[in-house]
Structures are given as C-alpha cells and as structure tokens.
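# Observations on the model geometry
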Amino acid sequence: MPGDVQMSDDAQAADDWVLITAPDGFSFMVKRKVALISGTLRNMLSTESNFREAIQSQCDIPDTRAAVVEKLCEYMAYKAQYENTPPKEEIPDFTERIPPELALEL
C-alpha cells in the first residue's frame, strides 16, 4: 500500500518475540533482543545458522525445570534493562532475587 513504512530486518528483529520452553510444559515469551543476551540462545537464533530455533523463533531448554528457565528469562531482562547504565548509577543486585532453593540449579 502507498504510504506504508517498510521496516528493515534489524528493526523487525528488534521487535520479534522468542518462545523459550522448558521440558515440563511451561513456555516463556521474551523479546528477541532480551534472548540474545545469552550467548547460547544467540547462537541458536542466529539467522546465519539455519537452526530450527532460528527459523521457528523457539528455543527448547532441555533438562531444566520451568522455575529455572523463568529465572533465566528474568535475568536476561535484567541485563538488557541495565546494560547501558552509566557507571555512577547504582544497579540493584540480582542475587537478591534468587530464592535459595534455586541457587544451586542456576
């Protein structure tokens, strides 16, 4: 249509969502930008890789309980939120958000 704005691939990728699933049936939707904080997920979602995860925008995390995957997603969002924080600004400590029963699994 005339007047429609075409988004570049980079702009579309920034607005994409990724589905991260745990083996016990729980799924978590996170922005692609947040998922790319993890090196493992970044490799899985790389468009150059032709992995199934990159094509479907879905990552299965095997052998990990949903509670741990949820904390992983929370940590990636935390990192994305504070990655460009100036050095003098105080950043809250993420370890305070980790319940003791999950600490060893993380």
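Residues numbered from 1 in each chain as written. Predicted model: local features only at pLDDT ≥ 70, side-chain atom pairs only at ≥ 80, totals over all residues. Heavy atoms only, no water.

This part is about the nonpolar core. Judged by nonpolar contacts, the single largest core of 17 residues is most densely connected at Val 18, Ile 20, Leu 41, Val 69 and Cys 73. Here this core gets five residues from one element, more than from any other, and that element is helix 5 (residues 66–82). Val 69 has contacts with Ile 20, Ala 22, Phe 28, Ile 61 and Thr 64, leaving out every residue within four places of it along the chain. (Core = buried A, V, L, I, M, F, W, Y, C linked by side-chain atoms within 4.5 Å. Buried < 20%, exposed > 50% of the residue type's maximum accessible area, 1.4 Å probe, protein only. Helix = DSSP H or I, 4+ residues; strand = E, 2+ residues; numbered from the N terminus. Contact = heavy atoms within 4.5 Å.)

To continue, consider the pattern of salt bridges. Pairing is possible between side chains that carry opposite charge, provided their charged atoms lie close to one another. Following the criterion strictly, the structure yields six salt bridges and no others. The salt bridge involving Arg 52 is made with Asp 60; its shortest N-O contact spans 3.2 Å. A relative accessible area of 37% places Arg 52 in the partly exposed class. Accessibility expressed as a relative area gives 31% for Asp 60, which makes it partly exposed. Here Lys 71 and Glu 74 are joined by a salt bridge, their closest N and O atoms 3.0 Å apart. (Salt bridge = Lys/Arg side-chain N within 4 Å of Asp/Glu carboxyl O.)

Right, let's get into the packing of aromatic side chains. With the rule as written, the count across this model stands at four aromatic pairs. Arranged with centres 5.0 Å apart and planes meeting at 45°, the rings of Tyr 78 and Phe 94 form a pair that is tilted. Here Tyr 78, found in helix 5, pairs with Phe 94, found in the loop between helix 5 and helix 6 (100–103); they are 16 residues apart in sequence, far enough to count as distant. Judged by relative accessible area, Tyr 78 falls into the buried class, the value being 10%. A relative accessible area of 6% places Phe 94 in the buried class. (Phe/Tyr/Trp six-rings, centres within 6.5 Å; stacked < 30°, edge-to-face > 60°.)

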